[in-house]
Amino acid sequence: MTKRRVTVSVPEDVAETLEQQPKGQASAYVTEAVRGHRAWEQFRAEQARRGVPLTEQGMTEARARRYDLRSQWPAERYEALRERVRRHVEDGQADQQAPAA
């Protein structure tokens, strides 16, 4: 993969975080953050295309419901559900990457 040097100005707190990364790892840290943000934007765009726009208000309400639910469930039940969802997502990604027959 070709790499390019890009110079950016960042707020002090972001600069401090980058400076705290192990030597030579600041670029990897930024790359991971940008790719994560890009994936999130693509997810939101896909949901909107499917007729499910993700608004900030809706996300805030969903987060509040999730936190409320998490506080009511035993930790084991919540973690088991998270694991089920994680496996489902991974299986779906594997299906998307598999070549069509």
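It should be noted that the structure appears before, not after, this text.
About the cut-offs
- Residues numbered from 1 in each chain as written.
- Predicted model: local features only at pLDDT ≥ 70, side-chain atom pairs only at ≥ 80, totals over all residues.
- Heavy atoms only, no water.
- Phe/Tyr/Trp six-rings, centres within 6.5 Å; stacked < 30°, edge-to-face > 60°.
- Helix = DSSP H or I, 4+ residues; strand = E, 2+ residues; numbered from the N terminus.
- Buried < 20%, exposed > 50% of the residue type's maximum accessible area, 1.4 Å probe, protein only.
- Salt bridge = Lys/Arg side-chain N within 4 Å of Asp/Glu carboxyl O.
- Patch = residues over 30% accessible without salt bridge, like charges linked within 9 Å, V, L, I, M, F, W, Y side chains within 5 Å.
- Areas by Shrake-Rupley, 256 points an atom, 1.4 Å probe, with all protein chains shown as cover.
- Lys, Arg positive; Asp, Glu negative; His and termini not counted.
- Charge placed at Lys NZ, Arg CZ, Asp CG, Glu CD.
- 1 Å grid on protein atoms, 1.4 Å probe; cavity = no way out; pocket = protein on both sides within 12 Å on 5 of 7 lines; lining within 4 Å.
- Points joined across faces, edges and corners; volume = space filled by probe spheres on them.
- Nonpolar A, V, L, I, M, F, W, Y, C, P; charged D, E, K, R; others polar.

1. Notes on the packing of aromatic side chains
Tallied over the full model, the rule gives one aromatic pair. Judged by centre distance (5.6 Å) and plane angle (25°), the ring pair of Trp40 and Phe43 falls under stacked. Note that Trp40 and Phe43 are positioned in helix 2 (residues 26–49) at a spacing of three residues, about one turn of the helix. Given a relative accessible area of 40%, Phe43 falls into the partly exposed group.

2. Section: the pattern of salt bridges
One pass over the structure, following the stated rule, counts eight salt bridges. One salt bridge in this structure joins Glu83 and Arg87, with 3.5 Å as the shortest N-O distance. With Glu83 and Arg87 both in helix 4 (residues 75–97), this residue pair falls four residues apart, about one helical turn. For Arg86, the salt bridge goes to Glu90, with nearest N and O atoms at 2.6 Å. Within this pair, Arg86 and its partner Glu90 are both found in helix 4, separated by four residues, close to a single helical turn. Residue classification places Glu90 among the partly exposed positions, given a relative accessible area of 40%. Residues joined in a network through salt bridges with shared partners are Glu83, Arg86, Arg87 and Glu90.

3. Considerations on a negative patch on the surface
Where like charges cluster on the molecular surface, the negative patch consists of Glu12, Asp13, Glu16 and Glu19. Residue classification places Glu12 among the exposed residues on the basis of a relative accessible area of 55%.

4. Here we look at the layout of surface pockets
Here the largest pocket defines a volume of roughly 830 Å³. Considering the residues around the largest pocket, the lining is formed by 18 residues, among which Arg4, Val6, Ser27, Val30 and Thr31 are closest to the centre. If you tally residues by element for the lining of the largest pocket, the top one is helix 2, at eight residues. Broken down by class, the residue content of the lining of the largest pocket amounts to nine nonpolar, four polar and five charged.

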